[in-house]
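If you want the building blocks of each chain, they are given just below.
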Amino acid sequence: MAYLFISYPRRQAEVVTRLQALLEARSIEVWRDTEQLRFGTAWDSRVTAAIRGAAMVVLFQSEDWFASGPCRSEADQARYYHRPIVTLSAHDEALDLEAAAAFVAGRFAARPPEGDVVADLEVQAAQWAEGGRRVRDLARRQNLRRFVPLTSRADTVTELAEDFVRQSRRWRRIVRLALATLAVGVITSGAFVTLGAYQTARVDEADRANGALLAQRATFEAALAASPYAGAEAALAEDASSDGYTTLVDAQQALERCVPVAYMAGGGAPTASGATVDAEAFAFPEAGRAEASGAGWYATSSPNRRNLYVRRTDAAGAVSAAPAVTVALDAPCDDIVASPDGRTLAVVTARGVELFDPKLGTCFTELTGAPTSKGCVLAWSADGERLAMRAPDGSAAVWEPHPRTTVTAHTGLWFMDGVSAVGGAQAVFLARDGSLAVVDATTGELLGTETCLVDTLTLATDIAPGISANEVYVVGADTEGAPLLCLVDLTAHTAQPVAVPEDLAPLYVATSPEAGIMALSDGAQTVVLDLASGEEERRIEGVSVSALAVDVEGRVFIGSLGGGGLSVVEPGSIVPAKTEAVGIDGISSTSPTPGASPRALAVGATHAVSVGDGFAENGSLALTNVDGSWRLTTGYLAFWTPTQAQQARALAVSPDGSVFAAGFSDGTVAFLRESDLCPGSTVREQASEVRALAFSPDGSAVIAAMRDGTIARVTVDEGAFDIATLHERLQQRLDTARALGLR
Amino acid sequence: MDARLREHGVLLCACDADEEAAATAAVAARRAGYEVRRENLAPTSNQPCDTPCDITLCVVLLSEEAAAAPGFLERANALAEHMPATIPVRLDGITPERCGAPGSPIRERHWADARNHPSIWQEIFHSHVWLYPAYDDLAARTARWETCGRDDSFLMQSVNQAKQACALIDEMRDDSFQRPSDAMVRYAHASHTFARRQRKRTRRHSLVLVAAIAAAVATVVIVRGVVAAHVEHAVQSAQSAYSMRLETDPAFFSFQTYCAMRDAGGVEPEQVHALTAGLERPWAMGILGTEDFNAGGWQGEGVFAQTGAQYWVRADGGTLQQWNILAFEPVSTIRVSSSDAFVFDVTADGAAAVVADADGVAMIDLKTGERTALDTACTDSVAIACSEDGSQIAVQTASAIAVYENGARAREIDLAGTDVLALTRAAAGLRALRATSAEAAGTATTAEETAAGETVQLIDLTMGEVVAQAPLPAAEILTGTILPAGEALVCSNGTVSRLSAASALEPVGFTTRDAPSALASDGNVLVVATEQDGVQVVDLATGTVLETIARDLAGVCYLSISDTGVVACGNGFVTSIWSLLPIAPDIATVSGVTSAKTTYAAESATAELADAETLRIAQPEFALGASGSASDAAPEAVEGDSPVSATQPTTLDIPLAPYGDLGTATSVCIAPYGGAVALGFDTGHVLVFDLASNGQAYLCRAWQVPTADGVEQVGFSSDGARLIVEAAGRWWHPWSNSGCTSMEGLVSLLRARQPKRWPLAQWQTFPKDVRQQLGMMCATAAPAER
């Protein structure tokens, strides 16, 4: 409560007492320097404290007051503490105390409220100082807020009070800073913990998923190795809703095992399904054979029947003395037989039936799903579409070894590359000698062989569509070994050289009739020419080239030599666009592999894919544009493509851009869905290296041209991209197996 | 302010003349509960002027006599100076001014007047003078508190202070002058309550603050570490999962699988199977040049020297890099040419190299780098070879093969109309293999023969004579290589044939899919690289493909084989080094133990065929796994095994039926350390079982002779790491993989088989302790050229 301090000399104590009474009657508390003093208390500190805390100081001045040192000290202190001072002149004995009291009361009531705050401040500051300036005695919160404005004006408070407020504010800043730091730290830590927990959870989940996938894969592979039906069951047991493609691939691979289409148990009893084996359709031998012959070869087994020796035969049928190919078998063979077309050698052992390529001695297909034993014999159907096995107990099984592959021609040409022509209705395959095999893209039928380039080129290497539907561009070396670009008119059967920049010795060519440009490269630089005029539009340098493609927008896609890189150059640009490597689940798997050079490129609706050397070592890449930026990822993944081939040289995209087909050196054709690079089925029903591919106009099949001149038609299985469809097929396979008594 | 409550003791100071008053005062003091002590303050008193610690109040009786008493005032002032509270009491007309100098305690204190106040003594002894400062402080605080709307910030913050305030309130209840008001009482109690609450909160806040800070720091550190480690681990795991380089890099795959097994705490059945898959595949000795490739360098073709201990390879910048193949360390880099395009060969001892480039033909001292020009005119070289000592050099140009002897051009062989298929050093000297038209070769006797095709000739460059030749049918693909013994292999349209001294081409029984990128042979095997099928190792005796190696490289186009069966496969960027020991057969065998019997007895056990389908092991006690201990976690049986409980503690029957029709067992052998047994069959199959301490056997290797020859003898090398298999008179040495069913055995096995140097990118994916445990060494880049 605010009070007055009256400074007066002792001699006027009585008058002051009366004045005090009058003031107290006006509800004004009065502090007098003797009234409050108690026995034994020191005067000065009490008076100082009283003055410091007084809302107003009244100086009861008289001659005695002025003569009193303590009174003058009190006035000094009042001024020191900036107390409002009211002076009463008491020189005259007849002082009107009523008037004085009223005067003082009026001044007291009119005093600025700030004065009380100052008094409070000074008192607290003094206490703080007397208490050792401890932090806990500093002003806080509302208290401090009251004091701060006082210190902004000079000569309002004492230095001690200023220091007190300053220290209080400093402490407040420290506390606020500490709290802010703590808050930031807590928030950051919380965010980090949350993020870390999220990342850890994600990583853990990915880890678990990977581990689960591995375990799932191992289980599936073990089951498939034991039996195709166990593999089918294992694939069916996998969670179809799981992320990723492993489940899909497992189902595909389970279905790609060749199992019997018909089976007859021992004794000739027909199976419940009625799918009996027509024994008369197959000419089984009485006993197993140790020799077989076909187109240009003659095969025999070793005395212990553990090896096969394939010798070449000439046109007259003479057999070479020494074998050109030796095959070591897993088990002694019980029977060997050549296919009716003489291009496949079938071998049966106690472990199963295998089909071999007699030219190289490689096994390209295993026929499984039926029990084999010693003494089995084989027989082909007359059309070579089916192969039957009969066991000593009379049981028999029939397989269809190549349900999806139909050989349509044997040209004897050494195919190098191919393109679609005539609006996709035809496929044109380029042979090494410059011959062009023209094939009906729907049926695979060989329509004719164009030889107008044969005398011009000694080594043809690359082919691209021409500006019109019946034209193609061919790159090769002429009779003197100089690189040459020719334009072939398939209708007119003519070929003419095409002028190229003088400093360019073309090795690779790619065109886009829609975009009207041609890209030509010598391996070190790429020149983009106008397709109609042949004028050079731009030149891309500094990027090595091992494969080239151009899309309908005019983008040039370049596969680079040596590291397997894939880049894109936008229309009008001469430098590759910036690409971001994005791997699987954020893990980059697109690092360059020494020697892994792309050999073929194809551009679909949203992705450009490459295949080439070193397939198993990041040998397939894909580029896609997402929101204006190019992302590089893996195309065909070796993990999901069951082939041992080291190289893929053929790649094509369906007319609607929805499916890629890649051809491998071991004869495998693998499909890939363009939109999301989902793996499709793989087909290996022949052993010749696939050198070129072209889709049929409706995208339901690809026409493949092989290294050995074979042309085949391979059907596209759209259902292989759908897990539900695959599961249906797996179930159907198991049901059939059970019906046949095979499971 | 801190007012210490003292024991209620009063010190009465009076002179002798005021004894009566003092007695009255003493009575009043005792009545008030004080303990009274009297102080005479006589000048003759020898009492020391100490402050009795039990005295709270000092009452000094002052009178004219006291003031006049000598020494009384001095002593009284001294006492007043040191007492907690002193009350001067006037007994007569004595005034304060006469009781001391200005500022002295007695003078400056407010006196009590006992002259006309009968109750003065009661007032005096109910004055808690020592508490008045505290009381005033409390009163001021209370006033402030009430003025400011009883804001909590004006309450006492300290619990102790609040307690003292409450005690003060109690003490002052009967004070003569100042009695606590209700507001003060409320303030004291409110302060106590508030302070306690604040203390609790403060303590809580402090704890929370400390804990939060510590937690924040620790969390940041730990989470960062954990997440980083976890992410790194998951990346590695996912890399290994998705890469799953079982086929292309089985060593890396196996090591990653081992890490996973180690983290899981031991061997799991699925993991054993998975690890076995990696162990069954061939592993490279290592890859040279990975770190240089990462820095933009490359490696081309190379040659072995010093019986395979050295490997010299052409590298970027016109340099030759020397590598120590035994330690897989780069030794030196020597600049030998002014351009990258040069051909070279190295003497057998690796001391010198012959180099042909655009500057001519020169001899380079590989120790000093000194270059000696031999023929500066020969600037269009495409191949070069030198004799073992370098005295003879053959250089192939576009038109001829020039032969230099002792630095001088000795002879020249015209190459018009011919294609040189190979130029190399054989045991008998320098040889060249060329294909020439029959007419040019002088072998055509008829027009048909003239038109038939080419003739392949093997030329002794020392003598300048054709030592063997044979007609070749027309072929689109033609290449060849010369064997160390002096014969040659020709690949014509893929068919590989041997050109023997009998001047006949005999197919070896192997055909390539397409034109080989490179060929190399040591006479025992042919190593052929094609784009389509990679690098295949072919047994020349049977034509059987023994293995496909270097699957981790693409585009291999350089091959070189040393005398010791080491193969270098280069693709123009890096070079992969492989040992043929576990792949190819030899007519000789390594030291070890073998048995041709169906019963084998060793110190540790006896193995025999109980019947056609059961292998029986009998031993006093079961041997431990390879370098394992009995405390190993018992490994689970590998899939396909049926763990057999021993019918007797020392006998174990291993059924063979689960492994299919393997034929008839021909031999059995127990490993030297006793922990494994191998069984060979007439079908060429070999099974190796680990004998674990739990009395069970686990399949650790199922191998088959690649040529399908029957096993005549089977055994182990002296350290048990390799199998020794005799089939068709030749010896095979595949890895036995014994010990892989225990963690300790795995460690030994992995240490023995691992690549001598790992590429840095792979090496970094393994934890440090794994690297140390397995002795994994990181590849280094070749030194800078000198």
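It should be emphasised that the depicted structure is a prediction, and the values quoted were computed from it without experimental measurement.

On a plain count of helices and strands, chain A comes out with eleven helices and 44 strands. On C-alpha atoms alone, chain A measures out to a radius of gyration of 50 Å, which is more than a quarter above the 27 Å that the 2.2 N^0.38 rule sets for 743 residues. The principal-axis extents of the C-alpha atoms in chain A amount to approximately 160 × 70 × 40 Å. Within chain A, contacts between residues at least 6 apart in sequence are counted, and of these 56% link residues at least 24 apart.

Here the focus is the sheet that holds strand β30 (residues 547-550) of chain A. Strand pairing in a sheet relies on backbone hydrogen bonds. The paired strands run either parallel or antiparallel. Residues and elements named next belong to chain A. Spatial ordering of the open sheet is given by β30-β31-β32, a layout of three strands whose pairing is antiparallel. Across the chains shown, the open sheet's two edge strands, defined by having one partner strand only, are β30 and β32 (566-569). On average, adjacent strands in this sheet sit at an angle of 20° to one another, irrespective of strand direction.

On to the confidence of the model for chain B, then. All names here are of chain B. Of all residues in chain B, 85% have pLDDT values of 70 or greater, and the mean over the chain is 83. Segment residues 1-6 is flagged for pLDDT under 50; beyond a separation of four residues in sequence, or across chains, it makes 14 contacts in the model. In this model residues 622-649 is a low-confidence stretch, pLDDT under 50, and it forms 84 contacts with partners more than four residues away in sequence or in other chains. Note on the complex model: pTM 0.72, ipTM 0.74.

All names here are of chain A. In a regular helix each residue adds 1.5 Å, so twelve residues correspond to 16 Å; helix α4 (residues 69-80) covers 16 Å between its end C-alpha atoms and thus fits that length. Residues of α4 that are buried include every one of Cys-71, Glu-74, Ala-75, Gln-77 and Ala-78, and no others. Buried residues in α4, looked at end-on, bunch into an arc of 160°, giving them a common side. For α4, the exposed residues set more than 90 degrees away from the buried face come down to Gly-69, Asp-76 and Arg-79. Backbone geometry just after α4 places His-82 at a positive phi near 55°.

Residue and element names in this part refer to chain B. Within the open sheet, the five strands sit side by side as β2-β1-β3-β4-β5. Their pairing is parallel. What marks the edges here is a single partner per strand, and that holds for β2 (35-39) and β5 (112-113). Across five bridges, the pairing between strand β1 (residues 9-13) and β2 is parallel. What sits directly across from Gly-9, in β2, is Glu-35. The strands touched by helix α3 (residues 72-82) are β1, β3 (57-62) and β4 (86-90); relative to β3, the strand with the most contacts, the crossing angle is about 155°.

To continue, consider the pairing of strand β14 (residues 371-375) of chain B. Residue and element names in this part refer to chain B. Sheet topology note: the strand β13 (residues 360-365)/β14 ladder contains four bridges and is antiparallel. Considered in β14, the bridge of Val-361 is made with Asp-375. Connecting β13 to the antiparallel partner β14 that follows it, the hairpin turn spans five residues, and Gly-369 within it adopts a positive phi of roughly 80°.

On to the nonpolar core. By size, the foremost hydrophobic cluster in this structure holds 342 residues, and its most contacted members are Leu-651 and Val-702 of chain A together with Ala-394, Cys-569, Val-677, Ala-678 and Phe-689 of chain B. If near-sequence neighbours (up to four positions away) are discounted, Cys-569 of chain B is found in contact with Ala-529, Val-535, Ile-549, Ala-550, Leu-553, Val-556, Leu-559, Thr-575, Ser-576 and Trp-578 of chain B. Counting residues in each nonpolar core, the second largest holds 57 residues, with Ala-28, Phe-72, Ala-112 and Ile-120 of chain B among its members.

Let's shift gears to the pairing of strand β8 (residues 307-312) of chain A. Residue and element names in this part refer to chain A. In terms of residue burial, β8 counts as a mostly covered element, since six of its six residues are buried. Neither face of β8 is left uncovered, since the one carrying Asn-307, Tyr-309 and Arg-311 and the one carrying Leu-308, Val-310 and Arg-312 both have all their residues buried. Relative to β8, strand β7 (residues 297-301) runs antiparallel, the two being bridged by five bridges. The residue bridging Tyr-298 from the neighbouring strand is Arg-311, located in β8. Turn length for the β7-β8 hairpin, with the two strands adjacent in sequence and antiparallel, is five residues, and the turn residue Arg-305 shows positive phi of about 60°. In this sheet, strand β9 (residues 325-328) lies alongside β8 in antiparallel orientation, the contact comprising four bridges. Paired with Leu-308 across the bridge in β9 is Val-327.

Among the eleven residues of helix α10 (residues 246-256) of chain A, ten are classified as buried, and the element is accordingly described as predominantly covered. Here α10 of chain A has its buried residues at Thr-246, Thr-247, Leu-248, Val-249, Asp-250, Ala-251, Gln-252, Gln-253, Ala-254 and Leu-255 of chain A.

This part is about the environment of Gln-310 of chain B. Residues and elements named next belong to chain B. Inspection of the secondary structure puts Gln-310 in strand β8 (residues 310-315). In this structure Gln-310 comes out as buried when scored by C-beta crowding, with 21 C-beta atoms within 10 Å. For the pair Gln-310 and Leu-326, spaced 16 residues apart in sequence, the C-alpha separation works out to 8.0 Å. Among all residues touching Gln-310, those that are not within four sequence positions of it are Phe-304, Ala-305, Gln-322, Asn-324, Ile-325 and Gly-350.

Before going further, it helps to spend a moment on the packing of α10 of chain A against helix α11 (residues 723-740) of chain A. Residues and elements named next belong to chain A. Their axes nearest at 10 Å, the elements α10 and α11 cross at an angle of 35°. Here α10 and α11 pass one another in a crossing that is left-handed. Mapping the contact onto sequence places Thr-247, Leu-248, Ala-251, Gln-252, Ala-254 and Leu-255 in α10 and Ile-723, Leu-726, His-727, Arg-729, Leu-730 and Arg-733 in α11. Looking at the contact of α10 with α11 residue by residue, the classes come out as seven nonpolar, three polar and two charged.

Here Arg-196 of chain B shows up in helix α8 (residues 182-243). For Arg-196 of chain B and Ala-782 of chain B, which are 586 residues apart along the polypeptide, the C-alpha to C-alpha distance reads 75 Å.

Basis of the calculations
- Residues numbered from 1 in each chain as written.
- Chains lettered and ligands numbered in written order.
- Predicted model: local features only at pLDDT ≥ 70, side-chain atom pairs only at ≥ 80, totals over all residues.
- Helix = DSSP H or I, 4+ residues; strand = E, 2+ residues; numbered from the N terminus.
- Rg over C-alpha atoms; globule rule 2.2 N^0.38 Å.
- Contact = placed C-beta atoms within 7 Å.
- Pairing = 2+ DSSP bridges.
- Axes fitted to C-alpha atoms, helices over the stretch in contact; angles between N-to-C directions.
- pLDDT = per-residue confidence, 0-100.
- Expected span 1.5 Å × (residues − 1).
- Buried ≥ 20, exposed ≤ 12 C-beta atoms within 10 Å, placed from the backbone.
- Arc of directions from axis to C-beta.
- Core = buried A, V, L, I, M, F, W, Y, C linked by C-beta atoms within 7 Å.
- Left-handed = near helix turned anticlockwise from the far one by under 90°.
- Nonpolar A, V, L, I, M, F, W, Y, C, P; charged D, E, K, R; others polar.

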